[in-house]
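Close look at the chain arrangement
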Amino acid sequence: MTKTAAVIKGDGVGPELVDAMLKVAEAAGTDVEFIMCEAGAGWWEKHGGNSLIPEETWNVLDSSDACFKGPTTTPGGIGSPRSVAVSIRRKYDLYANVRPIKTFPNSSAPLGDVEMVCVREGTEGLYIGEEIQLTDDVSIAIRKITRTASGKIARYAFEEAKRRGYDAVVPIHKSNILKLTCGSFLEEVEKVSKDYPNIEVWPYHIDNIAQQLIKNPQIFNKKILLSTNLFMDVISEECSALVGSIGLIYSANIGDNFAMFEPAHGSAPKYAGLDKVNPVATVLAGAWMLDYLGEKEKSEAIFKATERVISEGKYVTYDLGGNAKLSQMTDEIAKYTAEILK
């Protein structure tokens, strides 16, 4: 049966980036059926309500095999809705947010070549968004950490290390201060590690690893960096800088029965419609989705084509040191993808 993917084009540069992803997927000859959906700040500003995702989109998501989400804008302030990504993660229990971090050939490596994977628990922590105003002066936020979710994300991290042939999982925490929440997270990681005797556990405090990633990032090469929701949100962003551009970082949100794929960067509204931004993160998130949906050969071709375009350096966007437009870089990736699959 044909696999289906719900596609949310998003806000800002989202629509043009998603069109780029679809063009490359088409060049690969995908058999996936893409179903376009509305969601994001643009939709919400027109229609209002307590969600950035309309009911019709939820219906499509419920009947699809996967979701692709372009960058979306999340309104701030008291009373504004939860982000599109967080809403989807929570509804479908997409507990593993995964960002591979790897230097591309002939691209900027400000602190040297790196290769690691950031694994982030995606359903709880401070991202549950539960805040209480105790008095006019005092507001508190609830950081929810469960042993169940901690154990699940730990097992995902060790399985990912095993699959990639990596030698260590690095749990990032602050258990000397957050003794219950970080303490229980760390205990669950240690429990799971007993099933993986060939994979080491390197615990790091959040503040220490933030420094070490700048001082000597190579010590984390071929390691899985693992943490709770907010900590890894911050650390994975720092890791993104190690490859020279957030425009290169693709990501997935994976659960036991569903997955959502997206570029790691935001919607960059000031660049919307300028045919300027880097399409790589979006294109490779799409390629990863094809792999998830059973089209491994087509996915691999897109990855190879993208690396070739970056390596040649002729048709790359401004953040990679070139002057190509988004559309020109996309066309080159699509061309090479088709050639590889001939």
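In the block above lies the structure referred to throughout.
Conventions used here
Residues numbered from 1 in each chain as written. Predicted model: local features only at pLDDT ≥ 70, side-chain atom pairs only at ≥ 80, totals over all residues. Heavy atoms only, no water. Helix = DSSP H or I, 4+ residues; strand = E, 2+ residues; numbered from the N terminus. Buried < 20%, exposed > 50% of the residue type's maximum accessible area, 1.4 Å probe, protein only. Patch = residues over 30% accessible without salt bridge, like charges linked within 9 Å, V, L, I, M, F, W, Y side chains within 5 Å. Areas by Shrake-Rupley, 256 points an atom, 1.4 Å probe, with all protein chains shown as cover. Salt bridge = Lys/Arg side-chain N within 4 Å of Asp/Glu carboxyl O. Axes fitted to C-alpha atoms, helices over the stretch in contact; angles between N-to-C directions. Parallel < 35°, antiparallel > 145°, perpendicular 65-115°, else oblique. Left-handed = near helix turned anticlockwise from the far one by under 90°. Contact = heavy atoms within 4.5 Å. Pairing = 2+ DSSP bridges. Right-handed = clockwise from strand over helix to strand, strands pointing away. Phe/Tyr/Trp six-rings, centres within 6.5 Å; stacked < 30°, edge-to-face > 60°. Lys NZ or Arg CZ within 6 Å of the ring centre and 35° of its normal.

Description of unusual backbone geometry
With a phi close to 60 degrees, Lys222 is a non-glycine residue in the positive phi region. Tracing the backbone through its elements, the reader meets Lys222 in the loop between helix 7 (206–215) and strand 11 (223–227). Overall, the relative accessible area of 42% leaves Lys222 in the partly exposed class. Here the phi dihedral of Asp275 falls at roughly 55 degrees; this positive angle occurs in a residue that is not glycine. When you line up the elements, Asp275 lands in the loop between strand 13 (259–263) and helix 9 (280–292).

What to know about a nonpolar patch on the surface
A surface patch of nonpolar side chains, about 370 Å² in accessible area, is lined by Ile132, Leu134, Val138, Ile140 and Ile142. With respect to the element layout, Ile132 can be found in strand 6 (residues 131–133).

Examining the packing of helix 1 (residues 14–27) against helix 11 (residues 326–340)
Close contact between helix 1 and helix 11 brings their axes to 8 Å; oriented N to C, the two are set at 15 degrees. By the angle between their directions, the pair helix 1 and helix 11 is classed as roughly parallel. The hand of the helix 1/helix 11 crossing is right-handed. Of helix 11, the residues touching helix 1 (which contributes Glu16, Leu17, Ala20, Lys23, Val24 and Ala27) are Leu326, Thr330, Asp331, Ile333, Ala334, Thr337 and Ala338.

Topic: the environment of Ala27
By the secondary structure assignment, Ala27 is in helix 1. Excluding its chain neighbours within four sequence positions, the residues that come into contact with Ala27 are Ala334, Thr337 and Ala338.

Some details on helix 4 (residues 84–91)
Each full turn of the α-helix corresponds to 3.6 residues, which orients residues three or four apart in the same direction. Here helix 4 lies mainly inside the structure; six of its eight residues are buried. Within the span of helix 4, buried status applies to Val84, Ala85, Val86, Ser87, Ile88 and Arg89. Where helix 4 ends, the next residue or the one after it, Asp93, has phi of about 50 degrees, a positive value.

Describing the pattern of salt bridges
Within the structure shown, the criterion is met by 24 salt bridges. For Lys69, the salt bridge is made with Glu262, and the minimal N-O distance between the two is 3.2 Å. With Lys69 in strand 3 (residues 66–69) and Glu262 in strand 13, the pair connects residues that are 193 residues apart, well separated along the chain. Across the pair Arg164 and Glu160 runs a salt bridge, and its minimum N-O distance is 2.7 Å. You can see Arg164 and its partner Glu160 sitting in helix 5 (residues 147–164), four residues apart, about one turn around the helix. On the basis of relative accessibility, which here comes to 31%, the residue Arg164 falls in the partly exposed class. It is possible to trace a salt-bridge network through shared partners that takes in Arg147, Glu187, Glu188 and Lys191.

Thoughts on the pairing of strand 2 (residues 33–37)
Here five bridges tie strand 1 (residues 4–8) to strand 2, and the two strands are oriented parallel to one another. If you follow Ile8 over to strand 2, its bridge partner there is Cys37. For the crossover that starts at strand 1, traverses helix 1 and ends in the parallel strand 2, the hand is right-handed.

A few points about the packing of aromatic side chains
Per the counting criterion, the structure on display carries nine aromatic pairs. Between Tyr250 and Phe303 the ring centres are 5.4 Å apart and the planes differ by 70 degrees, which places this aromatic pair in the edge-to-face class. Linking Tyr250 in strand 12 (residues 250–254) with Phe303 in helix 10 (residues 296–312), this pair joins segments that are 53 residues apart in sequence. With relative accessibility at 13%, the residue Tyr250 sits in the buried group. Through a chain of ring-to-ring contacts, three or more aromatic side chains come together here, namely Tyr250, Phe261, Trp288, Tyr292 and Phe303. The aromatic ring of Phe231 is capped on one face by Arg143, whose charged end is 5.0 Å from the ring centroid.

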